[in-house]
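If you want the building blocks of each chain, they are given just below.
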Amino acid sequence: MAGRHRAPDEDAGMDAESQGPGGASGGGVRVAERPQEPSPVPATHRRPWWPAVRTYLGVAVILVWGLAPFYWMVIVAFRERSHTYDTTPWPTNLTLQNFSDALDTSSGNNFLSAIVNSLIIGGVTTVIALLIGIFTAYALARMEFRGKFLLTGVILGAAMFPPVALVTPLFQLFGDIGWIGQYQALIIPNISFVLPLTIYTLTSFLSDLPWELEEAARVDGATRLQAFRMVLLPLAAPALFTTAILAFIFTWNEYMLASQLSNESTRPVTVAIALFHGPNSFTIPYAAIMAAGTLVTIPLVIMVLIFQRRIVSGLTAGGVKS
Amino acid sequence: MAGSAEADDARAAAGVIDSGRGARADVEHAHRGGGADRKSDGGGQGGPGGGVFDRLRSRVAGFDKRLIWFVGPTVVVLAAVIGYPVVRAAYMSFQQDKGLDPDTGMFVQGGFAGLSNYKTWLLGDCGGGAWSCVPGTLGHDFWPAVGITFFFAVITVSVETVLGIWMATVMGRSFLGRSLLRAAVLIPWAIPTAVTAKLWAFIFAPDGIANKIIGQPIAWTTDPWASRFAVIIADVWKTTPFMALLILAGLQMIPNELYEAARVDGATAWQRFTRITLPLVKPALMVAVLFRTMDALRMYDLPAILTGDSGASPTTTMSILVTADMRQGNFNSASALSTLVFIIIFIVAFILVKFLGANAVRTQDEQRKGGAL
């Protein structure tokens, strides 16, 4: 049955999904909307209402799944402390008190400085990882060289690497050279963790860019580096932006190494939230913790909502391309 | 990292396919390139990049010098931050932790330990022969931690795969607000795992909403099985939507015409799913499973924050045990443990790549040529 259609179908599928001008802009191409074509089966042969109902039921379940716990965190964050354990599912007894509690330093939580630390660590890591990654991605996408397969394997291995295998030696090393409590103790390991991600995302974007412009520039006398800088880089700007968002989110979310290699002065938000404590040790200040969690999450949620298409295409780029 | 690993999944998933695709040509390169490539690119030596590349340059005629600038920084960073610590951990694992010598009662500085650190973990040998580690010592906790880690990995990845396929098929249909739904399912993925853990700790608190809905006071954070399921529920919540997106991307590669043809031929929805969707989405699915499994095996944040990061917690994974041992000041035995974790994960990765990854690459290749249909 399929044999008849095979080749043209494959091509059509690929054209629709992975080619076209969207590739050059690095936009949401791969998980692009595919308008459902009208079915050739006459409508009378199908039950007209059940599939639609089933779809919207599924959509509702998925929406509740994704949003309910997050919604609960935000609701509790805005709710008066005495009502933390209320089960009312809509906003009641609203207050901003929990947010000022979360940012209050008098009980030993320095959440504001943790946010600043995370911004510094995430920002610097992202910039350096992009700087290093774009060149390697260029080499992987555009140059033929010996050991390319091996390099791909090493980068792949680094992506699968269990970070716990680094904790003990890095802790000792950074202790010896006085780096515990310094930003570079967190930035440098994070670079090595987001590099594989950066390289794969950029490689897949760069391979989608048309060769011809670069070739033309080189025919016109530009060196390879000039062609890279003046032709490819501007074209790759959206891809760089997408990759930057992803790299930043990952660094912002990193916990394990930060929990071992930071101290009060460099503690990022993830560790600060895990260590968050109240004025005494008898009760866990969940209201303030939910407020802190909301503070940490809202910027990410906004980013995800705005750049949803880019993020999805960045995450799945190449992964399922045939 | 564990929290941030999902994207590596996707990215690295790309790598499996990409490297597989380029494999044929590149393998030939690698063979002809001989040992020089292997040594230089393998990382792990921790030497300065320049020396390595000097050697490479002298060995390989016509070597493109610009490659040093393109690829060098990556190699140096990976060698310095991953290669060097692994070698150092392996070295440290053969040293004795400083502590009281049981024979003399004196404080000793350590020294060469041979395999004794490994014996402690693998055989539960705390100095009195196999299985002499008593409850309360970390040596006692090794095999339970390995068991729990694999238990988490198998349960979470299976549940996430089944739910992910279902979610992907729903999200692949056409309905109003499709992109909105995709943004919504990204939210659990974007929330830092540390926040996820605190959020679920609150939901599972004694007075929390979970117990109020169930109407029973379940001790989610102290009862061994309840806390294990708390971790599984939180992980499944966080990761399933992401898995669904990966599978969805695979689903959308399937040409619509196939479904139409099947429909015309009178195939039921279930037949269309099992005969068209599953076989064609398999490559993407296998890659997603591979990387989710790797991710689950290094699970750390979620159980550590949700139910505690001591060695004796019922949700202690291999990674948590390493830091628990480190906190007790046993850097050398922690190094032996982290080396063991590394080896275990490496073996699993090898097996999975061999059975899933290679298969995925081949299927993808066949599919591209049209052979799989």
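Residues numbered from 1 in each chain as written. Chains lettered and ligands numbered in written order. Predicted model: local features only at pLDDT ≥ 70, side-chain atom pairs only at ≥ 80, totals over all residues. Heavy atoms only, no water.

I'd love a proper account of the overall build of chain B, names of residues and values included.
For chain B, the count of helices and strands is 15 helices and two strands. For chain B, with 373 residues in total, the buried portion stands at 59%. A fraction of 65% describes how many contacts in chain B between residues 6 or more apart in sequence connect residues 24 or more apart. With the model as given, the accessible surface of chain B reaches about 14800 Å², and the carbon-plus-sulfur share is 65%. (Helix = DSSP H or I, 4+ residues; strand = E, 2+ residues; numbered from the N terminus. Buried < 20%, exposed > 50% of the residue type's maximum accessible area, 1.4 Å probe, protein only. Contact = heavy atoms within 4.5 Å. Areas by Shrake-Rupley, 256 points an atom, 1.4 Å probe, with all protein chains shown as cover.)

Lay out the overall build of chain A with the relevant residues and their values.
Assigned secondary structure in chain A consists of 14 helices and zero strands. A sequence separation of at least 24 residues applies to 71% of the contacts in chain A between residues at least 6 apart. Counting only carbon and sulfur atoms, one obtains 66% of the accessible surface of chain A, whose full area is about 13400 Å².

Tell me what's going on with the packing of helix α7 (residues 178–190) of chain B against helix α10 (residues 224–251) of chain B, and back it up with residues and numbers.
Angle between the axes and distance between the axes: these two values describe a pair of packed helices. All names here are of chain B. Direction vectors running N to C along α7 and α10 enclose 135 degrees, while the axes themselves pass 7 Å from each other. Between α7 and α10, the angle falls in the class oblique. For the pair α7 and α10, the sense of crossing is left-handed. Judged by residue contacts, R182, V185, L186, P188 and W189 of α7 engage W237, K238, P241, F242, L245 and L248 from α10. In terms of residue class, the contact of α7 with α10 is made up of nine nonpolar, no polar and two charged. (Axes fitted to C-alpha atoms, helices over the stretch in contact; angles between N-to-C directions. Parallel < 35°, antiparallel > 145°, perpendicular 65-115°, else oblique. Left-handed = near helix turned anticlockwise from the far one by under 90°. Nonpolar A, V, L, I, M, F, W, Y, C, P; charged D, E, K, R; others polar.)

I'd like to hear about the packing of aromatic side chains, residue by residue, with values.
Aromatic ring pairs: the centre-centre distance and the angle between the two ring planes describe each pair. Residue and element names in this part refer to chain B. Under the defined criterion, the tally for this structure stands at 25 aromatic pairs over all chains. A centroid spacing of 5.6 Å and a plane angle of 35 degrees characterise the contact between W270 and F273, whose relative ring orientation is tilted. Of this pair, W270 and F273 both sit in helix α12 (residues 269–297), separated by three residues, roughly a single helical turn. For W270, a relative accessible area of 61% puts it in the exposed group. On the basis of relative accessibility, which here comes to 21%, the residue F273 falls in the partly exposed class. Through successive ring pairs, a cluster of aromatic residues spans F151, F152, W225 and F229. (Phe/Tyr/Trp six-rings, centres within 6.5 Å; stacked < 30°, edge-to-face > 60°.)

Run through the UniProt feature "transmembrane region" (unreviewed entry) in chain B, naming residues and quoting values.
Here, UniProt's "transmembrane region" (unreviewed entry) annotation points to residues 67–87, 142–168, 180–205, 225–251, 272–291 and 336–357 of chain B. Structurally, residues 142–168 of chain B is divided into 100% helix and 0% strand, and its ends, taken at the C-alpha atoms, are 38 Å apart. (UniProt positions renumbered as here; feature names shortened; annotations may be inferred.)

Just give me the short version of helix α8 (residues 184–208) of chain A, but keep the residues and values in it.
Residues separated by three or four positions in an α-helix point in the same direction, a consequence of the helix having 3.6 residues per turn. Residues and elements named next belong to chain A. For α8, with 25 residues, the first-to-last C-alpha span of 34 Å sits near the 36 Å given by 1.5 Å per residue. Along its length, α8 reaches its greatest deviation from straightness, about 35 degrees, at V194, and the proline P196 lies no more than four positions downstream. Along α8, 21 of the 25 residues are buried, which leaves the element largely enclosed by surrounding structure. (Expected span 1.5 Å × (residues − 1). Bend = angle between axes of the 7 residues up to and from the residue.)

Any chance you could break down the nonpolar core for me, citing the residues and the numbers?
Counting residues in each nonpolar core, the largest one holds 191 residues, and the members touching the most others are F111(A), L206(A), M290(A) and W189(B). Ranked by the residues each element gives to this core, the list is headed by α10(B), at 15 residues. Ignoring anything within four residues of it in the chain, the contact list for F111(A) reads A102(A), L103(A), V269(A), A272(A), I273(A), F276(A), A292(A) and V296(A). (Core = buried A, V, L, I, M, F, W, Y, C linked by side-chain atoms within 4.5 Å.)

Run through helix α3 (residues 50–77) of chain A, naming residues and quoting values.
Given a rise of 1.5 Å per residue, 28 residues ought to cover 40 Å, and the 39 Å separating the end C-alpha atoms of α3(A) matches this to within 8%. The largest bend in α3(A) comes to about 40 degrees, at L67(A), with the proline P69(A) one to four residues further on.

So what about the pattern of salt bridges? Which residues, and what values?
Residues and elements named next belong to chain B. Evaluation of the coordinates by the stated rule reveals seven salt bridges over all chains. Between D295 and R298 there is a salt bridge; the shortest N-O distance is 3.3 Å. Overlapping salt bridges, with partners in common, bring together E160, D235, R292, D295 and R298 in one network. (Salt bridge = Lys/Arg side-chain N within 4 Å of Asp/Glu carboxyl O.)

Describe the UniProt feature "domain: ABC transmembrane type-1" (unreviewed entry) in chain B, with residues and values.
UniProt feature "domain: ABC transmembrane type-1" (unreviewed entry): in the numbering of this structure it lies at residues 146–352 of chain B. Structurally, residues 146–352 of chain B is divided into 78% helix and 0% strand, and its ends, taken at the C-alpha atoms, are 18 Å apart.

Describe a nonpolar patch on the surface, with residues and values.
A cluster of nonpolar residues, V116(A), I120(A), V124(A), V127(A), I128(A) and L131(A), forms a patch on the protein surface that exposes about 450 Å² of accessible area. In this fold, V127(A) is placed in helix α5 (residues 111–142). (Patch = residues over 30% accessible without salt bridge, like charges linked within 9 Å, V, L, I, M, F, W, Y side chains within 5 Å.)

Describe the side chain of E160(B), with residues and values.
Residue and element names in this part refer to chain B. Locating E160 in the fold gives a position in helix α6 (residues 142–172). Looking at E160, the relative accessible area reads 0%, which means it is buried. Here R292 takes part through its side chain, which lies 3.1 Å from a polar atom of the side chain of E160. Every residue in contact with E160, bar those within four places of it in the chain, is listed here: D235, V236, T239, T240, M243 and R292. (Polar contact = N/O pair within 3.5 Å; in protein donor to acceptor, adjacent residues only side chain to side chain.)

Give me the lowdown on the environment of F346(B), citing residues and values where you can.
Position of F346(B) relative to the elements: it lies in helix α15 (residues 331–369). Through-space distance from the C-alpha of F346(B) to that of V159(B) is 23 Å; in sequence the pair is 187 residues apart.

Tell me what's going on with the confidence of the model for chain B, and back it up with residues and numbers.
All names here are of chain B. Across chain B, the average pLDDT comes to 75, with 74% of residues at 70 or higher. When mean pLDDT is taken per element in chain B, helix α8 (residues 193–203) scores highest with 92 and helix α2 (residues 35–41) scores lowest with 40. In this model, residues 1–49 is a region of pLDDT below 50 whose contacts with residues beyond four sequence positions or in other chains number 114 contacts. Long-range and interchain partners of residues 361–373, a stretch whose pLDDT sits below 50, account for 24 contacts in this model, where long-range means more than four residues apart. Scored by ipTM, the complex comes to 0.80, with pTM at 0.79. (pLDDT = per-residue confidence, 0-100.)

Give a detailed account of the environment of F135(A), specifying residues and quantitative values.
Residue and element names in this part refer to chain A. Mapped onto the secondary structure, F135 falls in helix α5. For F135, a relative accessible area of 27% gives the class partly exposed. Sequence separation between F135 and G293 is 158 residues; the distance between their C-alpha atoms is 36 Å.

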